[in-house]
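Chain by chain, the residues:
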Amino acid sequence: MSTETPLDLKKTINLPKTAFAQKANLAQGEPARLEKWTKLDLYRLIRRESEGRPKFILHDGPPYANADIHLGTAMNKVLKDFIVKSRQMMGFDAPYVPGYDCHGLPIETHVEKALEKKGKKKNDLSVEVFRRICREHAENALKGQTRDFKRLGILGEWDNPYLTMSNHYEAETARMFARFLERGWVYKGARPVYWCLKDQTALAEAEVEYHQHTSPSVYVKFPLQSDPALVDPALAGRKVFVLIWTTTPWTLPANLGIAVHPDFEYAAFEHGDEVYIVASELVQSVAAKCGLNEGGASPKVLARFQGSKLDRLECRHPWIDRSSLLMVGEHVTLGGEADAETELDVSEAQKKSDSKAGTGCVHTAPGHGHDDFVIGKSYGLEIYCPVDNAGRFTPEVEHFAGMRVFDANDVIVEFMRERGVLLFSEKYEHRYPHCWRCKNPVIFRATPQWFIAMDHAHRDLVEKDEDGRDRSNYTDNLSETPQRSLRAAALEEIERVKWIPAWGVDRMRNMLKGRPDWCVSRQRVWGVSIPVFYCGRCNEAVADPLVIEYVADIFERESGDAWYTHDAKDLLPEGYTCKGCGAPEWTKETDILDVWFDSGTSSIAVLENRPELRWPADVYIEGGDQYRGWFNSSLMIGIAAHDQAPYKTVITHGWTLDAQGRAMHKSAGNAVEPEKVFKESGAEIIRLWCASSNYFDDVRGSDEILQRVMDGYRKLRNTARFALGNLDGFDPARDSVPAAEMEEIDRWALAELNRVITEVLAAYEGYEFHNVYRALYNFATVTLSARYFDIIKDRLYTFAPRNKARRSAQTVLLQIGDALARMLAPILVFTADEIWENLPNRTHPSIHLALLPSASEQSDEGLVAEWERLFAVRDDVLRALEEARMAKQIGSSLQAKVRLEASGKTLELLQKHQNDLRYLFIVSQVELGNAGDGVTISISTADGDKCERCWNYSTHVGESERFPTVCERCVTALNEIEEGKTD
Ligand SMILES: [Zn+2]
Ligand SMILES: [Zn+2]
Ligand SMILES: [Zn+2]
């Protein structure tokens, strides 16, 4: 023995060792790992691995392929990836086919601007060339987006995404139009639609947004032309006027009527020699506003009567030589504007109802408002719209011809003042629809458009002429089976869908109840043409599903460009002639379909056409704006195709805002740019930010917030690193200790692990990723770092490597490391894979081929409860130790001896765990005494000397001749190490 060199004690300590670095270095590590996945062909591997499992289909709402991604786009895609990956790891086969929305106005606008810079105009180019440039622009944009989505660690069919501009997709879009035709839901008619004067096109509901806008608010008198005695005998022979109020004076030249509520009470009051009619309830406010109550006196009311008394009487237009018909309608309110915002969601509707203006007599221009149109139609009024595409009055409008409508507002006000028909005017702030592309205020304007009817099947494709002549060529193909209307079907179907959050169903119901017929035509070129032909001789419209199938097959081969590159006759079956007049000459419709019709078609074009997918989808998840947009149009399409919603569950996520809750804008300098985060911190930080926030609400992001997320990331990483570092040399097959033979605190840790697995699985199940994060973060920082790891360090570091108690802890660390990697994998895609790589037991080449851990049924509740009580004592002891340290009584806690006085059950518990207590408190000695009710703690310095190896204090240091500087525990450990050597 004496010939042996003395042992280097430091080398006998089992220091942690792992290739899993403390510093993440994500910005470099992530691209390397992505490359590794590409080499592995990981997405394919996952598909192969999960063949035959039940399917789980998340259907991607296609982002618009126009620009680079921003933080909101990133969050949307990351949330989808959380869902796909967690479902995949729950044992589903969850393929992910991403899509891109490629047609539409923003790309046209972008291309037009780019052309302008080169001094060219759109009209200088042929439609084919213009469309080709649009297509190239979309291709470039979607390439950039794909690069960034892949960089975010999102796995999917990136080599074969769905594009709304692909040949197949364009063909399917045209075919969907045929499905609507077969239902009898398509018609062409003049309807007021939102119209952007700048972009000169109709806009869908989903394409307008509401902003504050200042309009002139005017009170105008319309002389009653009918005999006033018909209203009330008291008015016989008087000069009577009906007072209207409007915030769009420019629509007054198109006024054809005035609507009153049939059940409201109206009053006629006197002012000088004139008599004015308004709703009774508003007499005071109107009189005050218009200065009709001299000296503050109430105006003298001559008669009161129901609104229905006015029905079908006539006024004169205040300056045009024609009459204005009095009508009754339920849409009339006493709260001001009753028109315009027909499809508001609830919050907007509430803001609107604040307005307290109006007369209860509503100026009605059927060509310029939805309610105006409906009531005008039922009274047989003309849908009169003397405004052109650019928003200028047509020549027939006396005094104002050629004037732009918004410029005309003030001119008309002055004109009316001079004529003495204006009682009052002021500036009026209200929410007004704006074009979401160019941000300009829009107008309501009636133009011939293609519509999808919400309420009934149209027997006539084109609305009948005034003489009632049926000009339809398509009734032959109309299904004869009675059916639900589109609106009724939609309202029924949404009740079968699961909405997360649950308010989604109310929001959707409100949207559907209020929405007017869907205007699907756009006066644009970058999209799918409406596949309709017109007879060259009699102009009859042919929208025949069979013809459309024929056209769609051509689109399938040549893309939708075929509509522009071929003559009409080449797009029609050979020898196709007009059923009305027999002529073989045709012209093509020039309008294209609404892009929402395009993207709404995705469930059919994608889910039904790819063998790995199926219809309907399990989940759609998008932002709240899609209640107007994609959720809505997809529902319409689903019903036209299969009488069913295309989704089983719809999840809504919030907006991304800055730290102060404002919208992010590059120009405002408050935008967090994903690309910058990739380079500086890593995509993982964006992913963890998504998981750490409750995405059902709006989510805030800023550099500072991301910094906090980084801190959270470091804690998770360090937790994993501790487990990995202490598994060096651990062979699971050889070294694992069965649970029954483990140290009790190790079993406690397993029970806690089991609890967190249960929590995490439930959170994934409910798409509550913030709860996944919270559970894992608390587990890592509280259960593990502050408790378990702290307590087992001594055992892991100082016991002989193969000591069973040490192996017991390692067995648990392996389970923790393994489970953490799996549970983190859907969120921290890169880091979890890295943890996995460094575990000794990995079964797959990537964590993304593994499953989530399962929770064990059997629970160690008694054990957990007992240890909770011990941890409560520990908290008190740690406080007392901290005080002793502050008082310089001790240095490290190992210099301390703790004496606990307790009695009864508490004492019994402490006695039972007497041997654990020094490790629990991380002190050298613990003494127990029987006294008192609670627990009394006293701290003193530990007895004996400091062990050179483990730094514990012991009265036995020096007892071993061989190892004179170490304690009795270390003597045992060193002996075991020596024995191990000679194995
Ligand atoms: Zn616009
Ligand atoms: Zn014809
Ligand atoms: Zn020792």
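Above: the structure in question.
How each quantity is defined
Residues numbered from 1 in each chain as written. Chains lettered and ligands numbered in written order. Predicted model: local features only at pLDDT ≥ 70, side-chain atom pairs only at ≥ 80, totals over all residues. Heavy atoms only, no water. Helix = DSSP H or I, 4+ residues; strand = E, 2+ residues; numbered from the N terminus. Rg over C-alpha atoms; globule rule 2.2 N^0.38 Å. Buried < 20%, exposed > 50% of the residue type's maximum accessible area, 1.4 Å probe, protein only. Contact = heavy atoms within 4.5 Å. Areas by Shrake-Rupley, 256 points an atom, 1.4 Å probe, with all protein chains shown as cover. Donors = N, O, S within 2.8 Å, 3.2 Å for Na, K, Ca; no water. Tetrahedral: all angles 85-135°; square planar, octahedral: opposite > 155°, others 65-115°. Axes fitted to C-alpha atoms, helices over the stretch in contact; angles between N-to-C directions. Parallel < 35°, antiparallel > 145°, perpendicular 65-115°, else oblique. Nonpolar A, V, L, I, M, F, W, Y, C, P; charged D, E, K, R; others polar. Phe/Tyr/Trp six-rings, centres within 6.5 Å; stacked < 30°, edge-to-face > 60°. Pairing = 2+ DSSP bridges. Salt bridge = Lys/Arg side-chain N within 4 Å of Asp/Glu carboxyl O. Core = buried A, V, L, I, M, F, W, Y, C linked by side-chain atoms within 4.5 Å. Polar contact = N/O pair within 3.5 Å; in protein donor to acceptor, adjacent residues only side chain to side chain. Left-handed = near helix turned anticlockwise from the far one by under 90°.

Novice: Even after reading the chapter, I still don't get the overall build of the protein chain, so can you show me in this structure?
Specialist: When you go through the protein chain residue by residue, the secondary structure sums to 30 helices and 31 strands. Its C-alpha atoms give the protein chain a radius of gyration of 38 Å, more than 25% over the compact-globule value 30 Å for 983 residues. Among the 983 residues that make up the protein chain, the fraction classed as buried is 58%. In the protein chain, once contacts between residues fewer than 6 apart in sequence are set aside, the share between residues at least 24 apart is 78%. Of the roughly 40400 Å² of accessible surface on the protein chain, a fraction of 49% belongs to carbon and sulfur atoms.

Novice: What's the story with the coordination of the zinc ion (ligand 1) in this structure? I'm lost.
Specialist: In an ideal octahedron of six donors the angles at the metal are 90 or 180 degrees, and in an ideal tetrahedron of four donors they are 109.5 degrees. Protein-derived coordination of the zinc ion (ligand 1) comes from C196 (SG), D199 (OD), C435 (SG) and C438 (SG), at a distance range of 2.0 to 2.4 Å. Seen from the zinc ion (ligand 1), its four donor atoms lie at angles of 102 to 117°, and the figure they make is tetrahedral. Donor residues for the zinc ion (ligand 1) sit on one chain with the sequence pattern C-x2-D-x235-C-x2-C. Look at C435 and you get buried, because its relative accessible area is 0%.

Novice: Sorry, what's going on with the packing of helix 6 (residues 167–183) against helix 13 (residues 545–558) here?
Specialist: Each pair of packed helices can be summarised by the angle the axes make with each other and by the distance between the axes. One can describe the packing of helix 6 onto helix 13 by two numbers: an axis separation of 7 Å at closest approach and a directional angle of 170°. Between helix 6 and helix 13, the interaxial angle falls into the category roughly antiparallel. Of the residues in helix 13, those touching helix 6 at N167, H168, E170, A171, A174, R175, F177, A178, R179, L181 and E182 are P545, I548, E549, A552, D553, F555, E556, R557 and E558. Across the contact of helix 6 with helix 13, the residue classes tally to nine nonpolar, two polar and nine charged.

Novice: Please clarify how the coordination of the zinc ion (ligand 2) should be interpreted in this entry.
Specialist: Protein coordination at the zinc ion (ligand 2) comes from C535 (SG), C538 (SG), C578 (SG) and C581 (SG), with a distance range of 2.2 to 2.3 Å. Seen from the zinc ion (ligand 2), its four donor atoms lie at angles of 100 to 116°, and the figure they make is tetrahedral. Each donor residue of the zinc ion (ligand 2) belongs to the same chain, with the gaps between them written as C-x2-C-x39-C-x2-C. Overall, the relative accessible area of 2% leaves C535 in the buried class. By relative accessible area, which is 27% here, C538 ends up partly exposed.

Novice: It is not clear to me how the packing of aromatic side chains should be interpreted in this structure. Could you clarify?
Specialist: We describe a pair of aromatic rings using the distance from one ring centre to the other and the angle between the two ring planes. Enumeration according to the criterion identifies 42 aromatic pairs in this entry. Ring plane angle 10° and centroid distance 6.0 Å describe the contact between Y162 and Y169, whose orientation is recorded as stacked. Exposure class is identical for Y162 and Y169. Each is buried. Seen in terms of ring centroids, Y620 and W630 are 4.3 Å apart; in terms of plane orientation they differ by 15°. Their pairing is stacked. Of this pair, Y620 sits in strand 23 (residues 617–623) while W630 sits in helix 18 (residues 630–642); the two residues are ten residues apart in sequence, bridging distant segments of the chain.

Novice: How should the sheet that holds strand 17 (residues 518–519) be read in this particular structure?
Specialist: The strands that make up a sheet pair up through hydrogen bonds in the backbone, lying either parallel or antiparallel. What the four strands build is an open sheet, ordered 4-3-15-17; its pairing is antiparallel. Lying at the two open borders of the sheet, with one neighbouring strand each, are strand 4 (201–203) and strand 17. Where strand 3 (residues 186–196) lies against strand 15 (residues 443–452), ten bridges are found, and the strand directions are antiparallel. Bridging from a neighbouring strand, V186 pairs with I452 of strand 15.

Novice: What's the story with the environment of K239 in this structure? I'm lost.
Specialist: Inspection of the secondary structure puts K239 in strand 6 (residues 239–246). You can call K239 partly exposed: its relative accessible area is 47%. Between the C-alpha atoms of K239 and G725, which are 486 residues apart in sequence, the distance is 97 Å. Residues within four places of K239 in sequence aside, it is in contact with D273, E274 and V275.

Novice: Please clarify how the sheet that holds strand 24 (residues 647–653) should be interpreted in this entry.
Specialist: What the three strands build is an open sheet, ordered 16-24-23; its pairing is parallel. Strands with a single pairing partner mark the edges of an open sheet, and in this sheet they are strand 16 (498–500) and strand 23. Each strand of the sheet is rotated relative to its neighbour by a mean of 15°, with strand direction disregarded. Of the strands in this sheet, strand 23 and strand 24 touch helix 18, which is tilted by about 150° from strand 23.

Novice: How should unusual backbone geometry be read in this particular structure?
Specialist: Glycine aside, negative phi is the norm for most residues, and most peptide bonds take the trans geometry. With omega at -10°, the peptide bond leading from I500 into P501 counts as cis. Tracing the sequence through the fold places P501 in the loop between strand 16 and helix 12 (504–514). One non-glycine residue with positive phi stands out, namely D643, at about 60°. Looking at the secondary structure, you find D643 in the loop between helix 18 and strand 24. Accessibility expressed as a relative area gives 35% for D643, which makes it partly exposed.

Novice: Got a minute to help me understand the pattern of salt bridges in this structure?
Specialist: Where charged atoms of side chains with opposite charge meet at close range, the side chains can pair. Here the structure, examined in full by the defined rule, presents 79 salt bridges. Here K289 and E426 are joined by a salt bridge, their closest N and O atoms 2.9 Å apart. On the criterion of sequence distance, the pair formed by K289 in helix 7 (residues 283–290) and E426 in strand 14 (residues 422–435) is long-range, its members being 137 residues apart. For R962, the salt bridge goes to E978, with nearest N and O atoms at 2.4 Å. You can see R962 sitting in the loop between strand 31 (953–954) and helix 30 (968–981) and its partner E978 sitting in helix 30, a full 16 residues away along the chain. Take R962: its relative accessible area is 32%, and that puts it in the partly exposed class.

Novice: For this particular structure, what's the right way to read the nonpolar core?
Specialist: The tendency in soluble globular proteins is for nonpolar side chains to be buried side by side. One finds F177, F180 and Y788 to be the most contacted residues of the largest nonpolar core, which totals 226 residues. The element that contributes the greatest number of residues to this core is helix 24 (residues 769–798), accounting for 14 residues. Every residue in contact with Y788, bar those within four places of it in the chain, is listed here: I745, D746, W748, A749, T783, A809, V812, L813 and I816. Judged by nonpolar contacts, the second largest core, of 82 residues, contains L224, Y276, I375 and F415.

Novice: How do you make sense of the side chain of N14 when you look at a structure like this?
Specialist: Inspection of the secondary structure assignment puts N14 in the segment before helix 1 (26–40). Engagement of the side chain of N14 in a polar contact is seen with the backbone oxygen of L796, the distance being 2.9 Å. Side-chain polar atoms of N14 contact the backbone oxygen of F799, separated by 2.7 Å.

Novice: Could you clarify how one ought to interpret the environment of I791 in this entry?
Specialist: Residue position: I791 is located in helix 24. Since its relative accessible area comes to 7%, I791 is described here as buried. Between the C-alpha atom of I791 and that of I745, which follows or precedes it by 46 residues, the distance is 8.9 Å. Discounting residues that sit within four places of it in the chain, I791 has contacts with I745, F871, R874, Y919 and L920.

Novice: Hey, could you run me through the packing of helix 21 (residues 703–725) against helix 25 (residues 804–824) in this one?
Specialist: It is at 9 Å that the axes of helix 21 and helix 25 come closest, and there the two elements cross at 145°. Helix-helix and strand crossings are classified by hand; for helix 21 and helix 25 the assignment is left-handed. In this structure, helix 21 uses L716, T719, F722 and A723 to contact helix 25, whose residues at the interface are L813, G817, L820 and L824. Among the residues making up the contact of helix 21 with helix 25, the classes are represented as six nonpolar, two polar and no charged.

Novice: How should I be thinking about the pairing of strand 6 in this particular structure?
Specialist: Residues in a regular strand project their side chains so that they alternate between the two faces of the sheet. Summarising burial for strand 6: seven of the eight residues are buried, a large majority. Strand direction decides the pairing type here: strand 5 (residues 208–223) and strand 6, joined by six bridges, are antiparallel. Note on strand 6: the bridge partner recorded for K221 is L243. Judged from the four bridges that link them, strand 6 and strand 9 (residues 274–279) form a sheet pairing that is parallel. Counterpart to V240 in the pairing with strand 9 is V275.

Read these as geometric descriptors, not functional statements.
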